[in-house]
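Remarks on the overall topology
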Amino acid sequence: MDAGLVLQVVLAGLSAGAVLGLVALGFTLIAGTVRVLHLAHGDVVVASVFAGVLGVLGRTPVASLLGPGRSVEFVLLVLAAGAVLAGLIAVVAVRPYLPDVRRGRPADALGWVAGGVAAGLLLRAVLGLLLPQEGYAVPDPLRLASWTSDGLVHLPGGSTLPVRTVGVLVLGVLVGVLVEEFLVRSRFGRSLRAVADDPDAAALCGVNAGRVVLVAFLAAGLLAGLAGLLDAPGRAVSVDDGVVLGLEGIAAALLGGPGSLRGALAGGLALGLLQAVAVYAGGASLQDVAPLSLLVVLLALRPQGLRR
Amino acid sequence: MSAVDLAQALWLLVAALGLALSVSYAGLPVLGQGAFVAVGAYGTALLGPGGEGWPLGIACAASVLAAGLLGHLVAVGASRIEGAYLALATWALAWLVQRILLAYPDLTGGADGLTRPSPAHLVSPALGLDLVLTPTVHVVVVALLCLALVGVLVRLDRGPAGLDLAALREGPSLAASLGIPVASRRRTVFTATAALGALSGAGSTVLLGLVAPSDVSPLVSLQLLVAVLLGGTARWWGPVLGVAVLTALPPIADALATSGGLDVERSRGVLTAALLVAVLALRGPVGRRLAHPGPPPGPPATAAAPHHDPARPVLLQASGLDVSYDGVVALADAGIVLRGGEVHALIGPNGSGKSTLLKALAGDLSTGTVEIAGIVHHARDVQDRVRVGVARTPQHNVVMPRLAADQQVAVGARGGARPSYAVVRHLLATPSSRQTGQAAVVTRALDEVGLLHVVGADPQRLTSGDQRLLQVARAVATGARVLLLDEPAAGMTADERSRLGGVLRTLAGNGRAVLLVEHDMRLVGEVADRVTVLDVGRVLATGPVDVVRAHPAVRRAYLGIPEVPA
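Residues numbered from 1 in each chain as written. Chains lettered and ligands numbered in written order. Predicted model: local features only at pLDDT ≥ 70, side-chain atom pairs only at ≥ 80, totals over all residues.

A separate point is the overall build of chain A. A tally of helices and strands in chain A yields eleven helices and four strands. Looking at chain A as a whole, 51% of its 308 residues are labelled buried. Within chain A, contacts between residues at least 6 apart in sequence are counted, and of these 78% link residues at least 24 apart. (Helix = DSSP H or I, 4+ residues; strand = E, 2+ residues; numbered from the N terminus. Buried ≥ 20, exposed ≤ 12 C-beta atoms within 10 Å, placed from the backbone. Contact = placed C-beta atoms within 7 Å.)

Structural data, given as structure tokens:
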């Protein structure tokens, strides 16, 4: 096996991993602040992309190159859709089942678990009614493929890699680190984490817990939109892809250690690499089977995650 | 409705009843019953006639066993994790199985699935048997099976094993403190759920001679969950009604789809999601309306036999207790001696290690030496301590909703009993002397804490003082000789405090050792025989109340602090 091939597998894996890291980041943000497992997060990623497609290209999209104006329109639409969908899920499917001391309402985990799953199912089913095809090509507003003249990166040993793959890796890691730094350093991020550390004390300081839930979901929704923008172009996307993407994001988050934002990014890269190696060694059938098996085994053995 | 349709609905009911055991009886959120149905269905198709060619019965049994094993493996991890993670694990399992079915078409037939000769023959040369499994035969067999399962659920609901499950569902940590083996009960229940799911899958595969991934998809898992949640908590008819609704669902979805020119699978998805949301929203109100008051109380109160022991024997002796959390010392070589017939108060400033000491005595932490009635006792967990007669009440009021006051106490009475085969014995036997004996225990415990008047009441309607006393009664009902009470007077009015004082004297007067963690020095002065003072994890002083009060170090460290919380 020559160096170029190794590099090809590794870079492709890390590129997919950068996207998984962004998905995991959104999941961890919510798990860390609201103490809720956001089981519809992956569906929000895919649904926000298709909301952009529906808005810009309509129900029979043709993946042509978008002009600058429509590219901006597409990006903004995807991000807004991510935030709106996540916010709706927070208000309708999650918040009613969180504990509320003032109203004497106990926590209802089955409520928000099933609420999240129902929300994801509804997103998939409604999108599936609007977009009946098996898969869709999604336009790339960032035009990552046109970074080099032939759309390829030439690796030593004669093997090549789509330049998109490298672009997604670079942008994904960059965005992930920036968002992570923002959440760790900014006032906004600090107040979110203060609520997570001690909800009672935060409530005493006048922080509105209900609004924090909404804000955390909105932020995670924006992250979902970002992940979708990077991930969706360049392959055929099906409206059903979201669930497994979300579960892979959760596996990445668990790999990186629960509650750790940086761990989520690292976990994403690790899982992407693992997936690429598994597919290289064991065939394409392991594409989804490998990460899902890892998730089930992780949950059965160490539900608290690998770190700590 | 043809015989095939009826048989198919009944096989689905088997999976739903199995799921109900986990979800609505034991409170485990299982989102992946479809995965276990798949193991049964594909196992039978792959191993049985038309596949490996094993005899049909053996192929079915093997795949049910395999699903049970898989369920057990998931449950081994899941019994340790909190509810939401179990939901996640089972949801991931549902998708994993679905993706495996699609990823290996050579083995599983991919999206088309597998076909097998139908109707199947059940052949046994040894018995001279060659039974053609027509749909009618299926209906008879599976109807009997469903009746038996419903019978099991009804019995579970009425008896002590069901009470264990209720405790598991309503308050897992409390159930553990009352001696119920939470983890092993969860494993048992979950394994049964998985096995019944597999049986359902095997049955409908044999019936139809066909299995495809869409029959065992995550969507089916969610539909089964809807079916189970429809009846609310612990009601056997829930799954029955739910499966009836599910059977009506496809025709409705298909009609909607054809009239609107929409995709059939998608419109089923929309309907399922809508049903799930509706069921969740209705769960609360309908559940409250249907909630029935508890069963009538047991036989009339037998007067608690006062058991006065003038010698005041040492019931519990602990020494060399060392605990630190992340380098912060919580207990340093602490110890305590508890005698029967005495109320022993444990006082000390916040963070002095009172709760940690209680945990160590209750078997929650393993440190030092703990002797129970003169014999060194090693406890692996809280349950082990409960079995030798040491029970603790939680610091906060933990009430299991949906269980009447006396049932809450009955949970405690169950806890001390040996758990092995209790379920089996309960299912086979009629209400026994054992159960009537238990009712007497409950009544006696309620009598001792002066709560006989609340039998059958909704515990959430009780005053917080009565709720505190109910916790004590629950611990008493475990048969404990040593009671560890963590701030039982918290949140009580002055009247309730003096009532509590009387109850504590009664409990001690009946020969028990009572350890009382308390801030209110007036209450301590009124009821305690002895006091132990903790300061930064060390025993500052221990002895009769007056002696300790006079101790200079105690006056400095504790009593001297002006803002002693009342």
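Before going further, it helps to examine unusual backbone geometry. A positive phi is found at A:Arg143, a non-glycine position, where the angle reads about 50 degrees. If you trace the backbone, A:Arg143 turns up in the loop between β1 (136–137) and β2 (152–154). For B:Asp333, which is not glycine, the phi dihedral falls at a positive 50 degrees. With respect to the secondary-structure elements, B:Asp333 resides in strand β6 (residues 328–339). A count of 12 C-beta atoms within 10 Å places B:Asp333 in the exposed class.

In this section: the nonpolar core. Buried together is how nonpolar side chains tend to be arranged in soluble globular proteins. Within the largest apolar cluster, 283 residues are counted, with the highest numbers of intra-cluster contacts made by B:Ala16, B:Leu88, B:Ala92, B:Ala473 and B:Leu483. Built from parts of two domains, this core gets at least three residues from each of domain 1 (3–290) and domain 2 (314–400 + 477–559) of chain B. B:Leu88 has contacts with A:Leu37, A:Leu39, A:Ile250 and A:Leu299, leaving out every residue within four places of it along the chain. (Core = buried A, V, L, I, M, F, W, Y, C linked by C-beta atoms within 7 Å. Domains from an automatic or database assignment.)

Residues and elements named next belong to chain B. Parsing chain B into structural domains produces domain 1 (3–290) and domain 2 (314–400 + 477–559). Centre-to-centre, using C-alpha coordinates, domain 1 lies 48 Å away from domain 2. Listed by partner, the interface residues are ten residues for domain 1 and nine residues for domain 2. When contributions to the side of domain 1 that touches domain 2 are tallied by element, the ones reaching two or more residues are α7 (160–170) and α8 (172–177).

Residues and elements named next belong to chain B. As paired strands, strand β2 (residues 121–124) and strand β3 (residues 129–132) are joined by four bridges and run antiparallel to one another. In the strand pairing of β3, Leu-122 is matched with Leu-131. Between β2 and β3, which pair antiparallel and follow one another directly, the connecting turn spans four residues, one of which, Gly-128, has a positive phi of 65 degrees. (Pairing = 2+ DSSP bridges.)

The subject of this paragraph is the packing of helix α1 (residues 3–33) of chain A against helix α10 (residues 261–282) of chain A. All names here are of chain A. The geometry of α1 relative to α10 is characterised by a closest axis approach of 6 Å and an angle of 140 degrees between their N-to-C directions. On the basis of the axis angle, α1 is oblique to α10. Along this stretch, α1 crosses α10, giving a crossing that reads as right-handed. (Axes fitted to C-alpha atoms, helices over the stretch in contact; angles between N-to-C directions. Parallel < 35°, antiparallel > 145°, perpendicular 65-115°, else oblique. Left-handed = near helix turned anticlockwise from the far one by under 90°.)

In this section: the pairing of strand β14 (residues 538–544) of chain B. Residue and element names in this part refer to chain B. Two elements, strand β13 (residues 530–535) and β14, share six bridges in a ladder whose sense is antiparallel. Among the inter-strand pairings, Leu-534 is bridged to a residue of β14, identified as Val-539. With antiparallel pairing between neighbouring strands as the criterion, β13 and β14 make up a hairpin whose turn holds two residues, including Val-536 at a positive phi of roughly 45 degrees.

This next bit is on the packing of helix α10 (residues 218–230) of chain B against helix α11 (residues 237–260) of chain B. Residues and elements named next belong to chain B. Two numbers describe how α10 lies on α11: the axes approach to 6 Å, and their chain directions differ by 135 degrees. Taken together, the axis directions place α10 and α11 in an arrangement best described as oblique. The interaxial crossing formed by α10 with α11 has right-handed handedness. Residues Gln-223, Val-226, Ala-227, Val-228 and Leu-230 of α10 touch α11, and the partners they reach there are Gly-238, Pro-239, Leu-241, Gly-242, Val-243, Val-245 and Leu-246. Across the contact of α10 with α11, the residue classes tally to nine nonpolar, three polar and no charged. (Nonpolar A, V, L, I, M, F, W, Y, C, P; charged D, E, K, R; others polar.)

Before going further, it helps to spend a moment on the interface of chain A and chain B. Contact residues are listed per partner, giving 33 residues for chain A and 36 residues for chain B. Looking at side-chain class alone, the side of chain A that touches chain B contains 26 nonpolar, five polar and two charged residues.

As a further point, take the sheet that holds strand β9 (residues 375–376) of chain B. All names here are of chain B. Spatial strand order, β6-β5-β8-β9: four strands in an open sheet with antiparallel pairing. Edge strands, defined here as strands with exactly one partner in the open sheet, are β6 and β9. Pairing of strand β8 (residues 369–372) with β9 involves two bridges; the strand directions are antiparallel. For Ile-372, the partnering residue across the bridge sits in β9 and is Ile-375. Helix α13 (residues 354–362) contacts β5 (314–325), β6 and β8 of the sheet and is inclined by roughly 120 degrees relative to β5.

As a further point, take the environment of B:Ala20. All names here are of chain B. Residue placement: Ala-20 occurs in helix α1 (residues 3–25). We classify Ala-20 as buried; it has 30 C-beta atoms within 10 Å. Sequence separation between Ala-20 and Leu-224 is 204 residues; the distance between their C-alpha atoms is 9.1 Å.

So, on to helix α5 (residues 163–185) of chain A. Over its 23 residues, α5(A) extends 33 Å from the first C-alpha to the last, a length consistent with the 33 Å expected when each residue adds 1.5 Å. Considered for burial, the residues of α5(A) that qualify are A:Arg164, A:Thr165, A:Gly167, A:Val168, A:Leu169, A:Gly172, A:Val175, A:Gly176, A:Val179, A:Glu180 and A:Leu183. (Expected span 1.5 Å × (residues − 1).)

All names here are of chain B. Taken together, six strands build an open sheet; the order of strands is β10-β11-β12-β7-β13-β14 and the sheet is mixed. With partners counted over all chains shown, the strands left at the sheet margins are β10 (390–393) and β14, one partner each. If you compare each strand with its neighbour and ignore which way they point, the axes differ by 15 degrees on average. Relative to β13, strand β7 (residues 343–347) is paired through four bridges, and the arrangement is parallel. Within β13, the position partnered with Leu-346 by the bridge is Thr-532. Helix-sheet contacts for helix α19 (residues 494–509) involve β7, β11 (482–486) and β12 (513–517), and the interaxial angle to β12 is about 150 degrees.

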